[in-house]
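A look at the structure
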Amino acid sequence: MKAKPKLAVWKFASCDGCQLSLLDCEDELLAVADAVHIANFPEASRAVVKGPYDLSLVEGSITTAHDAERIHKIRRQSKTVITIGACATSGGIQALKNFADHTDLIRTVYAHPEYISTLPNSTPISDHIFVDYELRGCPINKEQLLEVVNAFLNGRKPAMPEHSVCLDCKLQGNLCVMVAHGTPCLGPVTHAGCGALCPSYNRGCYGCFGPKENANPRALTVHLQEMGVQRDELLRLYRSFNAYHSEFRKESERIEQE
Amino acid sequence: MERAELGHLIDVLQREGREVVGPIFRNQAIDIGPITTEADLPIGCVDEQERATYRLTRNGSARVFGFSEPAASFKPYIFPQRQRIAAFRREGRGFVDEHHEEPIPRLALFGVRACDLAAIAILDRILLEGPYVDESYRRRRESCFIVAVNCAQPGGTCFCASTQTGPNCTFGYDLVLTELHAKGNHRFLIEAGSPDGLEILEHLELSEPTDDDIDFARRQREHAADSMGREMNVHGLTELLNDNTQHSRWDDVASRCFNCTNCTLVCPTCFCATIEDTTSFDGKQAERWKRWDSCFTLDHSYVHGGAVRVSSRARYRQWLTHKFGTWKEQFGMLGCVGCGRCITWCPAGIDVVEEIEAIRGSDEKVREEVDHG
Ligand code: SF4
Ligand code: SF4
Ligand code: SF4
Ligand code: SF4
């Protein structure tokens, strides 16, 4: 029998929520444990098996010089690297600091700023190393995590479409909250993956999965403004978990300069 | 038929072993869903529809069908969002076919408008009468009994009179209702369009319509046809669109479009789907699923080496020129039935009628034989 692929989970600046999604896969966890050898998973066990690893799942963003080094070591030891969640994929909510002066922020937040050593920006893993696959979401969707691991094990393409949340919204048979209720919704510019969770509960989409392919937030801004959404609120919409992600970042910067 | 008999009609359909689906009030709008009694119908509801806006009010009227086309069409019942189309289990060196067809419920589609009847006829033509028959669609369609209803008041985005698909039902139904509601008189005109429909009529308590009833129905029909929310000149659309593949309007609309797919998914005639494969962790089982897709996604135009329609401009142009132009060359009729859903439910407020008028009304005529979009 072939040796089971070695799986490692790594943590950078993050809340652990994405790693926990893996533990949350109660029903499927046994099947996962059957199919892979879990070599490093700090949330689940302290035992660490030495590399190299077949598959590394990376959670969190790079915010310190030390981490910027560490991620290269992980890449060297891993055949495949998959980032999990908005922090690892776009810098996360902590990337809000990228829009401000980080020394000011440190002085405001910490009693002893002299003990804090951090990089000015919170950056996605792909700014530092080559990433094989990025899993979106804050947090990730556990079905998608299982799908990407499953596809990896079976050597096939994961079914992970890059289309809008709207498409999933219609697959669920939801009514559009923007049209029917006048509720602002980021669905039209947001990457699918959550199964249109918020619109299914009559809330607008918050953009947890970041921009979809070919997103057009500029057009959405015009439409939201016509609906009466004010500048501050628009900035808050684009500046959340994926504030630093390409189109969302560009659009919030454009609004700021307007 | 007296108003009181409407509930009886629903009962009779259910007694025939049918699940009745039709307009229901859900989440501040009219949707399509299961109907078990006439109380499930959105009685006294009036909709206001405009581009990117849908608002529903209850006006206290006793009118049963006082609204226009519901948010959803009947498409999910005959062409479901997702369906498994194959399943295999690895055994030894080969595979065992584990797929089985789901039992399909016998349905009664209730309160189908003329536009949606025409849309079903278009899907029939494409999925049943072409060289390849969609078996799942065939089984679902054959299970449907259709109770249509003539529109008394078109919605703000309706333009079926232009596409000649409404507002009156002329074919494709088993029964058709016309609601007669005026000055204390509340009755329905009910007509059969098939032997199955005639059979259902035998279970109902009916009376002959009076001359007044027939006259009222005629005037109501004329009024509906004259009060469309929109009007579209459909003359020579195929040529118009084929002659303007490089029109500057495509850039203009692309700047407004989110390529979010809503227009195509709410459209009762859009039938694009994609294939997704799944496996079990141990790789011993595999399934193939078919799910709705749209010409507005990048993956939809993926061919070996990359996607063909990358820009929003190319995607929007594909949707409009197919639906209103090349569809005719391909299937022999217009792909649009004028229901207006894509106008109401486009969250960007893009209006197909306006887009086509903009191209027709301009002096530009720009075509390029080779176009890489
Ligand atoms: S509710 Fe939001 S996600 Fe759903 S269709 Fe409307 S805009 Fe798109
Ligand atoms: S036309 Fe409207 S509904 Fe269609 S993809 Fe563009 S923005 Fe979405
Ligand atoms: S193109 Fe628009 S108006 Fe025409 S049938 Fe489709 S949704 Fe209805
Ligand atoms: S498009 Fe025509 S048939 Fe359809 S709801 Fe409107 S008026 Fe009725």
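Residues numbered from 1 in each chain as written. Chains lettered and ligands numbered in written order. Predicted model: local features only at pLDDT ≥ 70, side-chain atom pairs only at ≥ 80, totals over all residues. Heavy atoms only, no water.

1. Looking at the pairing of strand β8 (residues 144-149) of chain B
All names here are of chain B. Cut-off, in case you're wondering: For each residue, the accessible area found with a 1.4 Å probe, counting protein chains only, is set against the maximum for its type, and the residue is called buried under 20%, exposed over 50%, and partly exposed in between. Starting at the N terminus, helices and strands are each numbered in turn, a helix being any DSSP run of H or I of at least four residues and a strand any DSSP run of E of at least two. The pairing criterion is simple: DSSP has to find at least two bridges between the two strands.
The buried fraction of β8 amounts to six of the six residues, a majority that puts the element mostly inside the structure. Residues Cys144, Ile146 and Ala148 point to one face of β8 and Phe145, Val147 and Val149 to the other, with burial holding for every one of them. Strand direction decides the pairing type here: strand β7 (residues 107-112) and β8, joined by five bridges, are parallel. Within β8, the residue paired with Phe110 across the bridge is Val147.

2. Some words on the site of ligand 3
Going by this rule: Proximity criterion: a residue is near a molecule or strand once any of its heavy atoms comes within 4 Å of it. Note that Gly is not counted as nonpolar here; it falls among the polar residues with everything else outside the nonpolar set of Ala, Val, Leu, Ile, Met, Phe, Trp, Tyr, Cys and Pro and the charged set of Asp, Glu, Lys and Arg.
Near ligand 3 you find B:Phe159, B:Cys267, B:Pro268, B:Trp319, B:Lys323, B:Cys336, B:Val337, B:Gly338, B:Cys339, B:Gly340 and B:Cys342, and these make up its full shell. In terms of residue class, the shell around ligand 3 is built from eight nonpolar, two polar and one charged.

3. Quick look at the sheet that holds strand β2 (residues 29-34) of chain B
Residues and elements named next belong to chain B. Heads up, the rule is: Fitted lines through C-alpha atoms serve as axes, helices being fitted only where they are in contact, and the angles separating the N-to-C directions of these axes extend from 0 to 180 degrees.
One open sheet accounts for six strands, arranged β2-β1-β7-β8-β9-β10; its pairing is mixed. Looking at which strands have only one partner, the edges of the open sheet turn out to be β2 and β10 (185-192). Here the strands of the sheet are splayed against their neighbours by 25° on average, with no regard to which way each runs.

4. A look at the environment of A:Ile93
Along the chain, A:Ile93 turns up in the loop between α4 (86-90) and α5 (102-109). In this structure, the C-alpha to C-alpha distance between A:Ile93 and A:Arg156, residues 63 residues apart in sequence, is 32 Å.

5. Brief notes about the interface of chain B and chain A
Note the threshold: The contact rule is simple, with two residues in contact once any of their heavy atoms fall within 4.5 Å. Buried area is a sum: the accessible area each of two parts loses on coming together, probed at 1.4 Å, counted once for each and added. A carboxyl oxygen of Asp or Glu within 4 Å of a side-chain nitrogen of Lys or Arg is what we treat as a salt bridge.
With 47 residues of chain B in contact, the opposing surface of chain A contributes 37 residues. On the chain B side of the contact with chain A, B:Asn27, B:Phe258 and B:Phe281 bury the most area, a combined 24% of that side's loss. Summed over the shared surface of chain B and chain A, the result is one salt bridge. A:Glu213 is the salt-bridge partner of B:Arg315, the closest N and O atoms lying 2.9 Å from each other. For the side of chain B that touches chain A, the secondary-structure elements that each account for two or more residues are β2, β4 (53-58), α9 (249-256), α10 (262-266), β11 (273-279), β12 (285-292) and α11 (312-331) of chain B. Top element by residues in the side of chain B that touches chain A is β11(B). It accounts for four residues. Partitioned by chemical class, the residues of the side of chain B that touches chain A number 19 nonpolar, 16 polar and twelve charged.

6. Some points on the nonpolar core
Filter applied, for reference: Take the buried Ala, Val, Leu, Ile, Met, Phe, Trp, Tyr and Cys residues and link them wherever side-chain atoms come within 4.5 Å; each set so joined is a nonpolar core.
Counting residues in hydrophobic clusters, the biggest one holds 88 residues, and the most contacted among them are B:Leu9, B:Phe110, B:Leu177, B:Tyr316, B:Trp319 and B:Val352. At five residues, the largest contribution of residues to this core is made by helix α1 (residues 5-15) of chain B. Apart from the residues within four sequence positions on either side, B:Tyr316 is in contact with B:Trp250, B:Val253, B:Cys257, B:Phe296, B:Ile350, B:Val352 and B:Glu355. Within the second largest apolar cluster, 35 residues are counted, among which are A:Leu167, B:Ile120, B:Leu265 and B:Trp327.

7. Points about the domain arrangement of chain B
Residues and elements named next belong to chain B. Note the cut-off: Each domain's limits were defined by an automated method or a database of domain assignments. In protein, a polar contact means a hydrogen-donor-capable atom and an acceptor-capable atom, both N or O and within 3.5 Å, with residues adjacent in sequence counting only if both atoms are side-chain atoms; elsewhere, any N or O pair within 3.5 Å suffices.
When cut into domains, chain B gives domain 1 (3-79 + 93-225) and domain 2 (237-361). Between domain 1 and domain 2, the C-alpha centre-to-centre distance is 26 Å. Each partner contributes to the interface: domain 1 provides 31 residues, whereas domain 2 provides 33 residues. Of the roughly 2600 Å² buried between domain 1 and domain 2 on both sides combined, carbon and sulfur atoms contribute 63%. Linking domain 1 to domain 2 there are four salt bridges. Its salt-bridge partner being Asp351, residue Arg51 comes within 3.9 Å of it at the nearest N-O pair. Our enumeration of links across domain 1 and domain 2 arrives at 22 residue pairs in polar contact (both at pLDDT 80 or more).

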